[in-house]
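Letter by letter, the chains look like this.
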Amino acid sequence: MTTASPSVAAAADLERDLKSGALSLAIAEIAEEAARLILPYWRTGAAVETKADDSPVTQADRAAEALILDRLAALYPGVQTVAEEAVSVHGAPAAAEDWFWLIDPLDGTRGFVRGGEAFTVNIALIHAGRPTAGVVTAPATSTTWRTDRPGGGAHRRQFGALQAGEAHAGEDWRPIRVRDRPQEGMALLSHSVTDEEAARLAARHGCTRWQGTDSSLKFCLIAEGRFDAYPRTGPTSEWDTAAGQAVLEAAGGRVLADDGQSLAYGKPGFVNGAFVAMGG
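Described below are features of the structure shown in this document. All values reported here derive from a predicted model rather than from experimental measurement.

**So, the pairing of strand β8 (residues 154-158)**
(1) Moving on: The element β8 is extensively covered by neighbouring structure, given that 4 of its 5 residues are classed as buried.
(2) Moving on: Summarising the sheet, strand β7 (residues 143-147) and β8 pair through 5 bridges and their orientation is antiparallel. Bridged to Trp145 within β8 is Arg156.
(3) Moving on: Between the antiparallel neighbours β7 and β8 lie 6 residues, among them Gly151 with a positive phi of about 85°.
(4) Moving on: As paired elements, β8 and strand β9 (residues 174-176) share 3 bridges and run antiparallel to each other. Its bridge partner being in β9, His155 is matched across the sheet by Pro175.

Rendered as structure tokens:
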């Protein structure tokens, strides 16, 4: 992971591309490239190792992260990167810089290993503790969600196999928006909670029904108006949530920490406490 501060020119490039929307388009292309790299490992019995925190890692995680880091360094040299697999090997940076990337190359590795579809590629740009741009890609369904320029909302597309000479393949981007809270809201919960706990958490946030889902996909399903809340009580890493939060907030939703403030980034150890992600 890089720790050197971006040059004045690189910081200017970040701000310019963020304001124009070019940055979110660029990182969407990177996330989709990583997704295409990951898919050949899926449902093929790829070898699984166990990290120090007892979480699984595969060659797909490492290969996708290496690709993402390489592409980001070429586009925006010198910007600090905090990436899951690099942190597991080298440790987290002592402190976050004003601009930095949060990267989870394969969120939902346990489900990926089981052959499930709910795993994602996550890239987010953080500025002054806030997720200012983000992309989430679901390789199994060839779906990407992204932010636009500030105030430009959030978008979704299905992408396809890339042919020689093409910039991208698939559908055009279409806008997404959270829905108004219905009479009987529907919550998304992590599979790690019991049915009893899930029902209690859903009810606490005004939802009469709930469904278990892996990975940052939960943020995106709320962002496109299919669900209403995602409460989380256990700890997560910042790279698990940043890209999804960026997309959900751009689509009109909120992600609130226990103190009622927006979930912030660059905390000690890059670890989140409890939070709730909400639609309209």
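**Section: the sheet that holds strand β6 (residues 130-138)**
(1) Moving on: If you walk across this open sheet you meet the 7 strands as β3-β4-β5-β6-β7-β8-β9, and the pairing is mixed. In this open sheet, the two edge strands, each paired with only one partner strand, are β3 (80-83) and β9. Within the sheet, the average angular offset between the axes of one strand and its neighbour, ignoring direction, is 20°.
(2) Moving on: Relative to β7, β6 runs antiparallel, the two being bridged by 4 bridges. In the strand pairing of β7, Thr137 is matched with Thr144.
(3) Moving on: Helix α1 (residues 8-20) rests against β4 (99-107), β5 (120-127) and β6 of the sheet, and its axis sits at about 65° to β4.
(4) Moving on: Each of β3, β4, β5, β6, β7, β8 and β9 touches helix α8 (residues 238-250); the most contacted strand, β6, lies at about 100° to it.

The rules behind each value
Residues numbered from 1 in each chain as written. Predicted model: local features only at pLDDT ≥ 70, side-chain atom pairs only at ≥ 80, totals over all residues. Heavy atoms only, no water. Buried < 20%, exposed > 50% of the residue type's maximum accessible area, 1.4 Å probe, protein only. Helix = DSSP H or I, 4+ residues; strand = E, 2+ residues; numbered from the N terminus. Pairing = 2+ DSSP bridges. Axes fitted to C-alpha atoms, helices over the stretch in contact; angles between N-to-C directions. Contact = heavy atoms within 4.5 Å.

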